[in-house]
Amino acid sequence: MIAESLNMSVGSVFTIMTEDLKKKKLCARFVPHTLTTEQKEHRIASSEDLIAAADEDPNFLKTIVTGDESWCLEYDPETKRQSLEWTSPGKGRPMKVRASKSKTKTMLHVFFDSRGIIHHEFLRQGSTVTGAFYKDMLHRLLKRMRRVRPEMLDSGN
């Protein structure tokens, strides 16, 4: 469009854009959703509260426990790029049977703090992630924390 509107060659426009102006062409990054103004303001307020707590107590960040979950495939095949190998001239391309990804997967839940993993567990086969499931898992996390990080918990918990 630029070349056409300026009556220039595409190559000249490309050279000007990349070499002279140091521009790159990048694909848009897709995000799952956009936040409302209210959601953005809430995130800012929460972040400011965390910063204030960290400023008041130098050990505050050491008291944070967070968690994550991820689907794990039972078998994850080697990619084409991972199967690259050096060959001599005149020798044919190596053969590899195409493997498909495993349809069997399980969810891994991991909880950790600044010192490392505190608790992890896999979702049992046939289980569904519900509020009751999370409640039970958080009770198991609390029990584990009482054993491995007792200094983080108040005696009243």
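Under an unreviewed UniProt entry, the name given to the protein is Histone-lysine N-methyltransferase SETMAR, and the source organism is Nephila pilipes.

Asker: Which residues make up a nonpolar patch on the surface, and what values do they have?
Answerer: Taken together, the side chains of I2, L6, M8, I16 and L21 make up a nonpolar region of the molecular surface, amounting to roughly 430 Å² of accessible area. Residue position: L21 is located in the loop between α2 (10–20) and α3 (37–56).

Asker: Account for unusual backbone geometry, naming residues and giving values.
Answerer: Non-glycine residue N7 carries a positive phi angle of around 55°. Relative to the elements of secondary structure, N7 occurs in the loop between α1 (2–6) and α2. Residue K22 is not a glycine yet carries a positive backbone phi of 55°. In this fold, K22 is placed in the loop between α2 and α3.

Asker: Break down the sheet that holds strand β3 (residues 116–122) for me, with residues and values.
Answerer: With antiparallel pairing, three strands are arranged side by side in an open sheet as β1-β2-β3. Each of the sheet's edge strands pairs with one partner strand only, and the pair in question is β1 (66–73) and β3. With direction set aside, neighbouring strand axes in the sheet form an average angle of 25°. Where helix α4 (residues 131–148) meets the sheet, it contacts β1, β2 (105–113) and β3, and its direction lies at approximately 145° from that of β3.

Asker: Describe in detail the pattern of salt bridges, supporting the description with residues and values.
Answerer: Per the counting criterion, the structure on display carries three salt bridges. The partner of R115 in a salt bridge is E151, and the shortest N-O contact between them spans 2.4 Å. Of this pair, R115 sits in the loop between β2 and β3 while E151 is found in the segment after α4, placing the two residues 36 residues apart along the sequence. Accessibility expressed as a relative area gives 55% for R115, which makes it exposed. When the shortest N-O distance is used, the salt bridge between E121 and R140 registers 2.6 Å. Here R140 lies in helix α4 and E121 lies in strand β3, a separation of 19 residues in the sequence.

Parameters at a glance
- Residues numbered from 1 in each chain as written.
- Predicted model: local features only at pLDDT ≥ 70, side-chain atom pairs only at ≥ 80, totals over all residues.
- Heavy atoms only, no water.
- Patch = residues over 30% accessible without salt bridge, like charges linked within 9 Å, V, L, I, M, F, W, Y side chains within 5 Å.
- Areas by Shrake-Rupley, 256 points an atom, 1.4 Å probe, with all protein chains shown as cover.
- Salt bridge = Lys/Arg side-chain N within 4 Å of Asp/Glu carboxyl O.
- Helix = DSSP H or I, 4+ residues; strand = E, 2+ residues; numbered from the N terminus.
- Pairing = 2+ DSSP bridges.
- Axes fitted to C-alpha atoms, helices over the stretch in contact; angles between N-to-C directions.
- Contact = heavy atoms within 4.5 Å.
- Buried < 20%, exposed > 50% of the residue type's maximum accessible area, 1.4 Å probe, protein only.

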